[in-house]
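Residue strings, one per chain:
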Amino acid sequence: MNQCVPSSLSFVLSNRGEIRDGNCYRADGEGCRFLFYRDCVEFWLSTTEGVENLVLQFVHANLHVNMELDQRKEKVIYKQVWDGIDLIFSSFEGQLKYDVIVYPGASVEDIRLKYVGGNEVLLNEQGELLIYTNQGVLREGKPVSFQWRKEGKRDIPTNFQLLSDGSIGFEIKIQEFDPSSVLIIDPVVFYSTYIGGSDDDEALSIAVDSIGNAYVTGETDSTDFPVTSGAFQSMNAGGEDVFVSKLNANGSSLLYSTYLGGTEDDMGNGIAVDVLNNAYVTGETDSTNFPITSGAFQTLFTGNSMVFATKLNASGTSLVYSTFLGGSGSDQGNGVDVDDSNFAYITGQTDSTDFPVTSGAFQAVFGGIIDGFITKLNIAGSMLVYSTFLGGSGPDASNGISVDTSGSAYVTGITGSTDFPVTSGAFQTVYGGSLDAYITKFNPAGSSLVYSTFLGGSDGDGGFAIDLDGANNAYITGSTRSTNFPITKIAFQTTLPGSSAALVTKLNSMGSSLIFSTYLGGNSDQFAVGIAVDSFGSAWVTGATTSTNFPLTSDAFQDSFGGNIDAFITQMSFSGRGVSFSSYLGGSDTDVGNAVAVDNQGSAYVTGETQSTNYPVTFGAFQRSNPSPGDGSAFVMKVGQQTSVGATGATGATGPAGATGATGPTGATGVTGATGPTGATGVTGPQGPRGPEGRRGPRGPRGPRGFSGGGEFSR
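Everything numeric here is computed off the predicted structure, so don't read it as measured data.

A. The overall build of the protein, seen in detail. Along the backbone of the protein there are zero helices and 47 strands. Sequence separation of 24 or more characterises 64% of the internal contacts of the protein that already satisfy a separation of 6 or more. A total of about 22,900 Å² of accessible surface is found on the protein, and carbon and sulfur atoms cover 49% of it.

Rendered as structure tokens:
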């Protein structure tokens, strides 16, 4: 169970005025208080709408329950609430959560909990417990249970039970349960929030730091987009501005939020974070007065539209550097990554023949129509380490970038060039047709290709995002219309399921063969624009679909299509032969997931755009209602599960270090984001260049990223 509250909790012994009978402990957070009695826990939750009081009762519990704080005062431990069963309440990222520890010989059927004081308690089709109150809905994710066996951790399928007397119990799959081992029941932790103002807002990229704070960028038309005191730019300078927002780890408040822009249209397409929590943002600007720092590489606006590369300090109050990047035509930054030495790598597209390139770069001459580019900036943002075109004689765009520990940059995108540069021995050296995706790896100096390969069939295909695992295998996602897209034999989906499909492909470290490649979708249209790989080598993918039969897992938190267009969040299995988790995400209007990131605990963070007023958000989230009904609002969602750290000391349920540690499996019950519509095939569109007039299309999210055009999701 988890209840979202705005700040971390501190557990103390209560004062006498709060004690009913016996000992009482208290946990305080901003806008909340929890009182722990022997037979219940009282919830006092404050929102802008008022104060809510709930009581969680322990039904048919033992009369003499022992209570204590652990030595660090981070947990309240209830011993023998029912025979052989302990409860442990703790704080996780500002949320009150509990673990149920069932010792050998005890009966799960004895566990009975009951909420008193709310309006109604329901169990939805996804197995979540919903507690309706006058101030909102509290949500408990479907529980996750496990036991430790000699062979390792064993998940035990578990569900809530809503009983006739209104109490709540747990039901386990008895065939999987070993009565001689300790059982830990640990519900899922997640958050979901809107973020926006009264006009149109769209989040396009997300990054996460080492402690789970999420960094989001995109574009906003709102003059009242939420900004924080002391932020670098507190007012919309005109038209569309970039926004950069940092959310705390439980999604309940902004650590900072700022506009970034000039008097014309500006859009943030990519964000990355270094180890010091500085944020690196890139995108496209039409503003001659976009914020630029003294001494930056390029301080003058020279074209129709230009790339910007901006480094924001850790508090969001000032620019470390900010520079234009471009020539005399139209240029757009689509992705950014940062290496361990804090060098920033920018990728995107340009139709400027005079785009700045460096001596000795791999491709110093413009290929034709539109080219991709890859640029490495020095730490100060004052000069180019290297900069190169990437393209052939047709239209080409680079959409995503990832950098390995040696400083080699990997990019993916879309090409319409039969003569796109590929390397000998690469997986696919011949152009497939219409448009192809590609995957290219540069050497650390940017002077040559380690490998470069087409990836496509005879119809329109495009790569939108790329990530790496620890062995430098490249994972890409995107969109395809090709019935003969390169798919591996035992992939999850081996035939094109609809008019278009998302693609998920893992290429070996040499670029010579596919480890797996699969379609992903239902019988209509879908595309994927975000991918992130966790420490176990599983890829999380997000995008949008119009399919009512998109592949879902049994534990999906939303197992039915919401309407119009829904976002989805899918975790591929390590082998690519199945999905570990997959769910719709959305309300009754248009919802699109634009980007995903993973933290070092294996949780996934999704961002995008929603037009739905009933998009699912969590109690205590930063923004619980859509601030711009009828227009788009950004959303941010964290998906994952917190595995138990084990009972402390006396309970010894999981041992001193916590059997599951902080790197428990990536949550399979979270929610995903949603964003604007530029369809899967927007990428493959008419193949016309995305030039100055069509840099974003009417409203498309990240989809096209290379070329403008229609497609199923265009409006």
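B. Geometry of the sheet that holds strand β44 (residues 579–585). One open sheet holds the four strands; their spatial order is β41-β42-β43-β44, and the pairing between them is antiparallel. Of all the strands in the sheet, the pair left with one neighbour each is β41 (526–533) and β44. On average, adjacent strands in this sheet sit at an angle of 15° to one another, irrespective of strand direction. Here β41 runs beside strand β42 (residues 539–545); their pairing, made up of seven bridges, is antiparallel. Within β42, the residue paired with Phe527 across the bridge is Ala544.

C. Fine view of the nonpolar core. With 42 residues, the main nonpolar core has Phe36, Tyr78 and Phe89 as its most contacted residues. Those residues within four positions of Tyr78 in sequence are excluded, and the remaining contacts are Phe36, Tyr37, Arg38, Cys40, Val41, Phe58, Val65, Asn66, Met67, Asp86, Leu87 and Phe89.

D. A look at the packing of aromatic side chains. Using the criterion set out here, one finds 30 aromatic pairs in the structure. Plain terms: the ring middles of Tyr78 and Phe89 are 5.7 Å apart, the flat faces sit at 65° to each other, and that makes the pair edge-to-face. Linking Tyr78 in strand β8 (residues 75–82) with Phe89 in strand β9 (residues 85–92), this pair joins segments that are 11 residues apart in sequence. Using a relative accessible area of 0% as the deciding quantity, one classes Tyr78 as buried. Seen in terms of ring centroids, Phe362 and Phe442 are 6.0 Å apart; in terms of plane orientation they differ by 80°. Their pairing is edge-to-face. Taken together, the residues span a long stretch of sequence, with Phe362 in the loop between β30 (344–350) and β31 (371–377) and Phe442 in strand β35 (residues 436–442) at a distance of 80 residues. With relative accessibility at 27%, the residue Phe362 sits in the partly exposed group.

E. Inspection of the pairing of strand β27 (residues 306–312) at higher detail. Counting buried residues in β27 gives seven out of seven residues, a clear majority hidden from the surface. Both faces of β27 are covered, namely the face carrying Met306, Phe308, Thr310 and Leu312 and the face carrying Val307, Ala309 and Lys311. Bridging between strand β26 (residues 279–285) and β27 involves seven bridges; their strand directions are antiparallel. Among the inter-strand pairings, Glu284 is bridged to a residue of β27, identified as Val307. Where β27 meets strand β28 (residues 319–325), six bridges bridge the pair, whose relative direction is antiparallel. Bridging across to β28, Lys311 finds its partner in Tyr321. Remark: six residues form the turn of the hairpin made by β27 and β28, two consecutive strands paired antiparallel; Gly316 in that turn has positive phi of roughly 75°.

F. Representation of the environment of Tyr321. You can see Tyr321 is positioned in strand β28. Expressed as a C-alpha distance, the spacing of Tyr321 and Gly381, which sit 60 residues apart in the sequence, is 5.9 Å. Every residue in contact with Tyr321, bar those within four places of it in the chain, is listed here: Tyr280, Thr293, Ala309, Thr310, Lys311, Ala344, Leu377, Asn378, Ile379, Ala380 and Gly381.

G. Spotlight on the side chain of Ser245. Checked against the element boundaries, Ser245 lands in strand β23 (residues 241–247). Among residues more than four places away in sequence, those in contact with Ser245 are Ile195, Ala214, Tyr215, Val216, Phe225, Leu254, Tyr256 and Ser257.

H. Here's a closer look at the pattern of salt bridges. Under the counting rule described, the total for this entry stands at two salt bridges. Glu68 is paired through a salt bridge with Lys79; the nearest N and O atoms lie 3.4 Å apart. Of this pair, Glu68 sits in strand β7 (residues 66–69) while Lys79 sits in strand β8, placing them 11 residues apart in sequence. Across the pair Lys506 and Asp469 runs a salt bridge, and its minimum N-O distance is 3.8 Å. Of this pair, Lys506 sits in strand β39 (residues 501–507) while Asp469 sits in the loop between β37 (461–468) and β38 (474–480), and the two are 37 residues apart along the sequence. No difference in accessibility class separates Lys506 from Asp469, as the two residues are buried.

I. Molecular detail of the confidence of the model for the protein. Of the residues in the protein, 82% reach a pLDDT of 70 or more, and the chain-wide mean stands at 85. Below pLDDT 50 for its whole length, residues 1–7 participates in 46 contacts with residues either more than four positions away or in separate chains.

J. Up close: the environment of Ser352. As for its placement among the helices and strands, Ser352 is situated in the loop between β30 and β31. Judged by its relative accessible area of 1%, Ser352 falls in the buried class. Along the primary structure Ser352 and Gly329 are separated by 23 residues, whereas in three dimensions their C-alpha atoms are 4.5 Å apart. What Ser352 contacts, discounting residues up to four positions off in sequence, is Gly327, Ser328, Gly329, Ser330, Asp331, Phe366 and Phe389. A polar atom in the side chain of Ser352 sits 2.8 Å from the backbone nitrogen of Gly329. In terms of polar contacts, Ser352 uses its side chain to reach the side chain of Asp331, at 2.9 Å.

K. Local environment of the sheet that holds strand β25 (residues 266–273). In space, the four strands of this open sheet follow the order β25-β26-β27-β28, with antiparallel pairing throughout. Among the strands making up the open sheet, the edge pair consists of β25 and β28. Strand-to-strand twist in this sheet, taken as the mean axis angle between neighbours without regard to direction, amounts to 15°.

L. A look at the side chain of Thr228. With respect to the element layout, Thr228 can be found in the loop between β22 (214–220) and β23. From its side chain, Thr228 meets the backbone nitrogen of Ser257 in a polar contact 2.9 Å long. When near neighbours in sequence (up to four residues on either side) are disregarded, Thr228 contacts Leu254, Tyr256 and Ser257.

M. Highlighting the pairing of β22. For β22, a buried count of seven out of seven residues is recorded, marking the element as mostly surrounded by other parts of the structure. Neither face of β22 is open: one carries Ala214, Val216, Gly218 and Thr220, the other Tyr215, Thr217 and Glu219, and all of them are buried. Relative to β22, strand β21 (residues 201–208) runs antiparallel, the two being bridged by seven bridges. Note on β22: the bridge partner recorded for Ala207 is Tyr215. Between the end of β21 and the start of β22, which pair antiparallel, lie five residues, with Gly212 showing a positive phi angle near 90°.

N. Quick look at unusual backbone geometry. Here the phi dihedral of Ser434 falls at roughly 60°; this positive angle occurs in a residue that is not glycine. Considering the arrangement of structural elements, one finds Ser434 in the loop between β34 (409–415) and β35. Unusually for a residue other than glycine, Asn564 sits at a positive phi of about 60°. Within the secondary structure layout, Asn564 lies in the loop between β42 and β43 (566–572).

Definitions and limits used
- Residues numbered from 1 in each chain as written.
- Predicted model: local features only at pLDDT ≥ 70, side-chain atom pairs only at ≥ 80, totals over all residues.
- Heavy atoms only, no water.
- Helix = DSSP H or I, 4+ residues; strand = E, 2+ residues; numbered from the N terminus.
- Contact = heavy atoms within 4.5 Å.
- Areas by Shrake-Rupley, 256 points an atom, 1.4 Å probe, with all protein chains shown as cover.
- Pairing = 2+ DSSP bridges.
- Axes fitted to C-alpha atoms, helices over the stretch in contact; angles between N-to-C directions.
- Core = buried A, V, L, I, M, F, W, Y, C linked by side-chain atoms within 4.5 Å.
- Buried < 20%, exposed > 50% of the residue type's maximum accessible area, 1.4 Å probe, protein only.
- Phe/Tyr/Trp six-rings, centres within 6.5 Å; stacked < 30°, edge-to-face > 60°.
- Salt bridge = Lys/Arg side-chain N within 4 Å of Asp/Glu carboxyl O.
- pLDDT = per-residue confidence, 0-100.
- Polar contact = N/O pair within 3.5 Å; in protein donor to acceptor, adjacent residues only side chain to side chain.

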